[in-house]
Amino acid sequence: MLGKLLKLLGGSVNVTYQTIRSGELQEILKNDQRVQLLDVRSPGEFQSGHIPKARNINVMTPKFKNQLQGLDKSKTYYVYCRSGMRSTKACKIMAKEGFEQVYNLKGGIMGWGGKVV
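From a predicted model like this one, the values you see are computed outputs, not experimental measurements. (Residues numbered from 1 in each chain as written. Predicted model: local features only at pLDDT ≥ 70, side-chain atom pairs only at ≥ 80, totals over all residues. Heavy atoms only, no water.)

What follows is about the overall build of the protein. Secondary structure summary: the protein contains five helices and five strands in total. Counting helices and strands in the order they occur from the N terminus, the protein gives α-β-α-β-α-β-α-β-α-β. Counting only residues that meet the buried cut, the protein has 35% of its 117 residues in that class. Counting contacts in the protein only where the partners sit at least 6 residues apart, residues at least 24 apart contribute 65% of the total. (Helix = DSSP H or I, 4+ residues; strand = E, 2+ residues; numbered from the N terminus. Buried < 20%, exposed > 50% of the residue type's maximum accessible area, 1.4 Å probe, protein only. Contact = heavy atoms within 4.5 Å.)

Listed below in structure tokens is the structure:
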């Protein structure tokens, strides 16, 4: 919201996202059933195991930005990949596209200590 207001007023906006640790995300998942999880790995990686209730949108496809258009930019998103590299890229893109609450899971699914399906 603040970013949009600054743009309207002609100010510059620092496009950003935050990093979250596995334990922090696990606590959030226990307390909030409406969490938006994005797994930005390939469909094959996603099928081999993912965090429950995650949605798969592959950041490496040219369609990634188009697929983001179907998401509600006002919601909070927790993004992960295998190790954190691709999710960092995805978070930067999402922030640039106007998503205001984006969190990158530090260490990706390799650092995840919770349940995997």
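All right, on to helix α5 (residues 85-96) then. For α5, which comprises 12 residues, the first-to-last C-alpha distance of 17 Å matches the rise-based estimate of 16 Å (1.5 Å per residue) to within 8%. Every buried residue of α5 is listed here: Ser-87, Thr-88, Ala-90, Cys-91, Ile-93, Met-94 and Ala-95. Lining the buried residues of α5 we find β2 (36-39), α4 (64-68), β4 (76-80) and β5 (101-105). (Expected span 1.5 Å × (residues − 1).)

Time to look at the confidence of the model for the protein. Mean pLDDT over the protein: 89, with 87% of residues reaching 70 or higher. Contacts from residues 5-12, a stretch scored under 50 in pLDDT, to residues over four places away or in other chains number four contacts. (pLDDT = per-residue confidence, 0-100.)

Let us look at the side chain of Asn-58. In this structure, Asn-58 sits in the loop between β3 (54-56) and α4. A distance of 2.9 Å separates a polar atom in the side chain of Asn-58 from the backbone nitrogen of Met-60. (Polar contact = N/O pair within 3.5 Å; in protein donor to acceptor, adjacent residues only side chain to side chain.)

Okay, the nonpolar core next. Judged by nonpolar contacts, the single largest core of 16 residues is most densely connected at Phe-64, Val-79 and Met-94. Going through the elements one at a time, α4, β4 and α5 are the ones with two or more residues in this core. Sort the elements by how many residues they give to this core and α5 lands first, with four residues. Core analysis: the second largest hydrophobic core is formed by 13 residues, Val-35, Leu-37, Ala-54 and Tyr-103 among them. (Core = buried A, V, L, I, M, F, W, Y, C linked by side-chain atoms within 4.5 Å.)

Of all five residues in β4, four are buried; the element is thus mostly enclosed. Pairing between β2 and β4: four bridges, direction parallel. By the bridge assignment, Asp-39 is partnered in β4 with Tyr-80. (Pairing = 2+ DSSP bridges.)

Right, let's get into the side chain of Asp-39. Within the fold, Asp-39 resides in strand β2. For Asp-39, a relative accessible area of 0% gives the class buried. Within the structure, Asp-39 has its side chain in polar contact with the side chain of Arg-41 (distance 2.7 Å).

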